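Geometric and topological summary
Residues per chain are reported as follows:
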Amino acid sequence: MDPYRLPRTVVPNRYDLRLEPDLVTHTFAGEEIVAVDVTEATAQVVLNTAELAISEVVAENDAGARIHGVAATDEEAERSTLQLDGPLTVGPWRLRLRFQGTLNDKLRGFYRSTYKDPGGATRTIAATQFEATDARRAFPCWDEPDFKAVFATTLVIDPALTAVSNTTVVEEAVRDDKKVIRFADTIRMSTYLVAFVVGELEATDPVYVGRVPLRVCCVPGKRRLAAFGHEAGVTTLRFFEEYYGVPYPADKLDLLAIPDFAAGAMENLGAITFRETALLIDETAATHGELERVADVVAHENAHMWFGDLVTMSWWNGIWLNEAFATFMEMLAVDAWKPEWHRWTSFGVSRAAAFSVDGLWSTRPIEFPVLAPRDADAMFDVLTYEKGASVLRMLEQYLGPEVFRTGVRNYLRAHAYGNADTGDLWQALGEAASAPIPTVMDGWIFRPGYPLVSARLEDGELVLTQQRFTYLSSPPPALPWRPAPARVEAATQHWQIPVQVRVEAPGGGTVHRLLLGDKEARLAMPSGFSAVLVNEGGHGFYRVRHDGALLERLLARLPDGLAPIERFNLVNDTWAAAVAGLVPLPQYLEMMTRFRGERDRNVWTSLLASLHALNRVLRPDARPHLERFTRGLVGPAVADLGWAPRPGETDLLRQVRGDLIRALGTLGNDGPTQARAAELYTAALADPRAVDPNVLPALIAALAVSGDAARYAEFVERFRGAATPQEEQRYLYALTAFRPRALVEQTLAKTINGEIRTQDAPFVARALLMSVDARELAWQFIKAQWDTMDRLYPKHGLRRMCDGTTALATPELERDVHAFFADRKIDLGGRTLEQYLEQLRIAVALREREGDALAAYLAGAR
Ligand SMILES: [Zn+2]
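This structure is a prediction, so every number in the text was calculated from the model and none was measured.

Rules and cut-offs
- Residues numbered from 1 in each chain as written.
- Predicted model: local features only at pLDDT ≥ 70, side-chain atom pairs only at ≥ 80, totals over all residues.
- Heavy atoms only, no water.
- Helix = DSSP H or I, 4+ residues; strand = E, 2+ residues; numbered from the N terminus.
- Rg over C-alpha atoms; globule rule 2.2 N^0.38 Å.
- Buried < 20%, exposed > 50% of the residue type's maximum accessible area, 1.4 Å probe, protein only.
- Areas by Shrake-Rupley, 256 points an atom, 1.4 Å probe, with all protein chains shown as cover.
- Lys, Arg positive; Asp, Glu negative; His and termini not counted.
- Charge placed at Lys NZ, Arg CZ, Asp CG, Glu CD.
- Core = buried A, V, L, I, M, F, W, Y, C linked by side-chain atoms within 4.5 Å.
- Contact = heavy atoms within 4.5 Å.
- Salt bridge = Lys/Arg side-chain N within 4 Å of Asp/Glu carboxyl O.
- Pairing = 2+ DSSP bridges.
- Axes fitted to C-alpha atoms, helices over the stretch in contact; angles between N-to-C directions.
- Arc of directions from axis to C-beta.
- Parallel < 35°, antiparallel > 145°, perpendicular 65-115°, else oblique.
- Nonpolar A, V, L, I, M, F, W, Y, C, P; charged D, E, K, R; others polar.
- Left-handed = near helix turned anticlockwise from the far one by under 90°.
- Phe/Tyr/Trp six-rings, centres within 6.5 Å; stacked < 30°, edge-to-face > 60°.
- Lys NZ or Arg CZ within 6 Å of the ring centre and 35° of its normal.
- Donors = N, O, S within 2.8 Å, 3.2 Å for Na, K, Ca; no water.

1. Looking at the overall build of the protein
- Tallying secondary structure elements over the protein gives 24 helices and 29 strands in all.
- Computed over C-alpha atoms, the radius of gyration of the protein comes to 28 Å, within 12% of the 29 Å expected from 2.2 N^0.38 for 862 residues, which places it in the range of a compact globule.
- Taken over the C-alpha atoms alone, the protein extends approximately 90 × 65 × 55 Å along its principal axes.
- For the protein, buried positions account for 60% of its 862 residues.
- Approximately 31,900 Å² of the protein is accessible, and the part contributed by carbon and sulfur atoms is 51%.
- Looking at the protein, you have 93 positive and 113 negative side-chain charges, and the mean spots of the two groups are 3 Å apart.

2. Considering the nonpolar core
- Ranked by internal contacts, the top residues of the largest apolar core, which has 297 residues, are Phe-139, Trp-142 and Tyr-244.
- Per-element accounting of this core gives the leading share, 13 residues, to helix α3 (residues 319-337).
- For Phe-139, the contacting residues outside a window of four places in its chain are Tyr-15, Leu-17, Glu-32, Asn-48, Leu-52, Phe-99, Phe-130, Phe-151, Val-194 and Phe-196.

3. Focus on the pattern of salt bridges
- The final tally for this structure, using the stated rule, is 70 salt bridges.
- In this structure, the salt-bridge partner of Asp-254 is Lys-252, at a minimum N-O distance of 2.7 Å. Comparing Asp-254 with Lys-252 shows no difference in burial state: the two are buried.
- Taken together, the shared-partner salt bridges in this structure form one network comprising Glu-51, Glu-78, Asp-134, Arg-136, Arg-137 and Asp-143.

4. A word on the sheet that holds strand β28 (residues 531-534)
- Strand order in this open sheet of three strands is β26-β25-β28, and the pairing throughout is antiparallel. One side of each edge strand has no neighbouring strand; the edge strands of this open sheet are β26 (508-516) and β28. In this sheet, neighbouring strand axes are inclined to one another by 20° on average, regardless of whether the strands run parallel or antiparallel.
- As paired elements, strand β25 (residues 497-505) and β26 share nine bridges and run antiparallel to each other. Paired with Val-503 across the bridge in β26 is Thr-510.

5. Brief notes about the sheet that holds strand β5 (residues 66-74)
- Spatial strand order, β3-β6-β5-β4-β7-β2-β1-β10-β13-β12: ten strands in an open sheet with mixed pairing. The open sheet has two edge strands, β3 (42-48) and β12 (169-175), and neither has a second partner. For this sheet the average axis-to-axis angle between neighbouring strands, irrespective of direction, equals 20°.
- Relative to strand β7 (residues 91-102), strand β2 (residues 27-38) runs antiparallel, the two being bridged by twelve bridges. Within the sheet, the bridge partner assigned to Val-34 lies in β7 and is Leu-95.

6. Considering helix α9 (residues 548-555)
- Residues Leu-550, Leu-551, Leu-554 and Leu-555 constitute the buried set of α9. Projected onto a plane normal to the axis of α9, the buried residues spread over an arc of 135° and lie on a single side. Facing away from the buried side of α9 by over 90 degrees, the exposed positions are Gly-548 and Ala-549.
- Tucked inside the fold, the buried residues of α9 contact β23 (451-458), β24 (461-468), β28, β29 (543-546), α10 (564-579) and α11 (585-592).

7. So, the packing of helix α1 (residues 227-244) against α3
- Two elements in contact, α1 and α3, have axes separated by 10 Å at closest approach and are oriented at 105°. Here α3 runs roughly perpendicular to α1, going by the angle between their axes. Contacts between α1 and α3 pair Phe-228, Glu-231, Ala-232, Thr-235, Thr-236, Phe-239, Phe-240, Tyr-243 and Tyr-244 from the former with Phe-325, Met-329, Leu-332, Ala-333, Ala-336 and Trp-337 from the latter.
- Residue classes in the contact of α1 with α3 are distributed as twelve nonpolar, two polar and one charged.

8. A closer look at the packing of helix α2 (residues 288-304) against α3
- Remark: α2 packs on α3, axes separated minimally by 8 Å, with the N-to-C direction vectors making an angle of 125°. Classed by the angle they form, the pair α2 and α3 counts as oblique. Here α2 runs over α3; the crossing is right-handed. When α2 is examined against α3, the residues Ala-295, Asp-296, Ala-299, His-300, Ala-303 and His-304 are found in contact with a partner set consisting of Asn-322, Glu-323, Ala-326, Thr-327, Met-329, Glu-330, Ala-333, Val-334 and Trp-337.

9. Notes on the packing of aromatic side chains
- For the structure on display, the rule yields 43 aromatic pairs.
- Centroid distance Phe-240 to Trp-306: 6.2 Å. Interplanar angle 55°. Geometry classified as tilted. In this pair, Phe-240 is assigned in helix α1 and Trp-306 in the loop between α2 and β21 (312-313), connecting sequence segments 66 residues apart. Comparing Phe-240 with Trp-306 shows no difference in burial state: the two are buried.
- Ring pairs connect the aromatic residues Tyr-15, Phe-28, Phe-110, Phe-130, Phe-139, Phe-151 and Phe-196, which therefore count as one cluster.
- Arg-405 extends its terminal NZ or CZ atom over the ring of Tyr-243, reaching a point 6.0 Å from the ring centre.
- Residue placement shows Arg-553 over the ring face of Phe-529; its charged tip is 4.4 Å from the ring centre.

10. Description of the pairing of strand β18 (residues 253-258)
- A large share of β18 lies buried, amounting to six of its six residues.
- By the alternation rule, side chains of β18 split into Leu-253, Leu-255 and Ala-257 and Asp-254, Leu-256 and Ile-258, which are all buried.
- For strand β17 (residues 212-218) and β18, the ladder comprises four bridges, and the chain directions are parallel. Across the sheet, the residue bridging to Arg-215 is Asp-254, located in β18.
- Taken together, the five bridges between β18 and strand β20 (residues 271-275) define a ladder with parallel strand orientation. Pairing of Ile-258 across the sheet is with Arg-275, part of β20.

11. Some remarks on the coordination of the zinc ion
- Listed as protein donors to the zinc ion are His-300 (NE2), His-304 (NE2) and Glu-323 (OE); their distances from the metal cover 2.0 to 2.1 Å.
- Summarised as a motif, the one-chain spacing of the donors to the zinc ion is H-x3-H-x18-E. In this pair, His-304 sits in helix α2 while Glu-323 sits in helix α3, placing the two residues 19 residues apart along the sequence. Taken individually, His-304 and Glu-323 each receive the classification buried, so the pair is uniform in this respect.

12. Remarks on helix α20 (residues 761-770)
- Across the ten residues that make up α20, a large majority, eight, are buried.
- Taken as a whole, α20 has its buried residues at Ala-761, Pro-762, Phe-763, Val-764, Ala-765, Ala-767, Leu-768 and Leu-769.
- Close packing links the buried residues of α20 with β20, α18 (725-734), α19 (741-750), α21 (775-792) and α22 (797-802).

13. What to know about the environment of Ala-126
- When you line up the elements, Ala-126 lands in strand β9 (residues 122-129).
- On the basis of relative accessibility, which here comes to 0%, the residue Ala-126 falls in the buried class.
- Distance from Ala-126 to Gln-493, taken between C-alpha atoms, is 50 Å for residues 367 residues apart in sequence.
- Setting aside residues up to four positions removed in sequence, Ala-126 forms contacts with Leu-23, Leu-103, Phe-110, Tyr-111, Arg-112, Phe-196, Val-197 and Val-198.

14. With respect to the environment of Ala-622
- Summarising the element assignment, Ala-622 is placed in the loop between α12 (601-617) and α13 (623-641).
- On a C-alpha basis, the gap between Ala-622 and Ala-856 in space is 8.6 Å, while along the polypeptide they are 234 residues apart.

15. A short note on the side chain of Thr-153
- Inspection of the secondary structure puts Thr-153 in strand β10 (residues 150-157).
- What Thr-153 contacts, discounting residues up to four positions off in sequence, is Leu-17, Ser-165, Ile-181, Arg-182, Phe-183 and Phe-196.

16. Structural notes on the environment of Leu-514
- Within the secondary structure, Leu-514 is located in strand β26.
- Linking Leu-514 and Val-501, residues 13 residues apart in sequence, is a C-alpha distance of 8.3 Å.
- Among residues more than four places away in sequence, those in contact with Leu-514 are Leu-464, Ile-497, Pro-498, Val-499, Val-501 and Ala-521.

17. Here's the deal with the pairing of strand β4 (residues 53-60)
- Bridge count between β4 and β7: seven bridges; the pairing is antiparallel. When the sheet's bridge partners are listed, Glu-60 is paired in β7 with Arg-94.
- Here β4 runs beside β5; their pairing, made up of four bridges, is antiparallel. Bridge pairing in β5 links Val-58 to His-68.
- Two successive antiparallel strands, β4 and β5, enclose a turn made up of five residues, where Gly-64 displays a positive phi of approximately 90°.

Quick look at the structure:
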């Protein structure tokens, strides 16, 4: 028997499901009738279960047959075999099962979450998180995405509580002191999309999108934070109905904020669950970045209602398309809703995150074969979401948005209520475009890495060539205790690259489109051209290296002769080239100084990220020089922008002001800024209107960096009593920025003593690893407490925490990290650990190669 795929001899059509959770004893009792088709006579039915006890098994059919059976459970395989007293004949049957389970605290399956009510008492709610394979923890089922069925759920709960599931309530009654809520049938869908939430929930009034009521639900006292997420839900749902040309596939939509939630959100059809920070927000007190996050996540999940829920991948190798597509659509929808946010420009930051992992030898192709579902766990990463979405955006720009949309519509219509694979989407897009898609796309999807396009001038022509971009010139040695990779792609690998080139000449700019393949491409330059930019518009998933003369012509156009995304790419690509040793580091630092007049938020994000990276590889004695360099770079912009918004300013400019003040007060360690921050912070406590919401988090960060025990105690209290999820996060992460050793130790203790939710604790530990002041202490603590963390955190928590080891950028720490992982034989899924260790190697190599030049440059810099 295939250990990962259930036999197809018994196929479910419909589940009538009845669950009775007990929020006091943390258990539930369940009963289900599953209508199945038996395709081959059998006395054995195999289905998935995990941590469930099946107490009763009966099979019945319409001819009056009734066969009893027993269940034998294999917990390791997460399967139960129903052994029946006689064979089920071919045809329709009903399986009736009774079972019992646990409301666990691991944030998966059917689990419990706690929160403090407005009166300060601890309350419990029960919620579900089934993707990828945890529906089997709530009810016995065929827990594979292509076993689609109709679900009819009934929840039996305490009369004081409320329940929400995928569909509308069709009946609600109180019987035997219990409230019985019956929900309407779902569409045919996959098990991982089933959801129920039980507790003291409050909901907003519905807003109708056509005939679909849309609400936001949360724990009591937080409904005042629902308006923005609600608006995002309504607006983007309308957008998707129009874009997809297919009606929303369920009868209602609830957006539910859950106090404990492992991921960001989950696209359960009609009942989307979120962590609170991704849905609940006070629009008047939030930063632009915090609002963008809510808009993004809501749009992303809504996009899944069609792409993922109505049409679903056949197996888990298809996760990438599911997530890449929803990420792409999230940008499109938010950009349509808030064009002034320039969402495709800020997507540059996401693309850059994918570039940094995909520039490793230990990267992976976007799509790869998946046997066991757990092989797909490591697919929930930047390569799936950010690289996948980038590559789809590049394809959309190449085909044209209209053609792309037509293909998507045809794909959804052809596969509605069913399952599909990557090839089905390529076919639909290819038909819409009248051109085969795989020839262009396969290199991006099925092979790892991405190209570096080099541009140079030769005899009046622009010459373009490509090679694979990697940070290290050759693969790092394999880890002897880890399985070897299937294969390592050679540096001679080539892609079909849709390239856009803009030539600036006296008469204006001209855009050329070409497909760069194995051979070099040549483009004649007009006489008197002033500059030429490769990757115009910035959508391509490749880096560009303009040679020295071309680069100088581009820099001469700063700030406004290049679009923000183009300036972003110029900074990001040059930084990557410096890290890879293709450009001397001082040359990059010199280039940075040309950006003092920059006002775009994303360009600054890239500039500041590189300063943080340098801070981690810097010799400690050079740190004051980096602080001075930072002040010299950022100070003029802050002086020009001031500390308060001016009339008519955009949201983005307000946000960049906050980002720059934060940089000056933290990385720049600027005394006057820290003093001013303290004054303004005090004023803001007295009157919140005294400080712009985009600036307030910068003040908190600056005060933490320079803060003492009294300030720490104050921030702990503010974290505990925060009025919004965003405020709670600000104070929580501020705790990771305090420098005194005793305070670092206090924060570390909170990551395992229950003071910080397990949904957040791994990220707090990660932030401490990333801090040059706390990293050594944090690493010692994590090594000592590894088993405790492994037991407490949701399963991807440790993986995300270990990302912080990439910041342990000294040769001694690097050796220690290797020794620890080797000694404990730690597996973070897929090639994740190899990726972290390679990133650490890159940082240490940069330190070893450029440390002296960096220190010398900074000491002499103005
Ligand atoms: Zn998603």
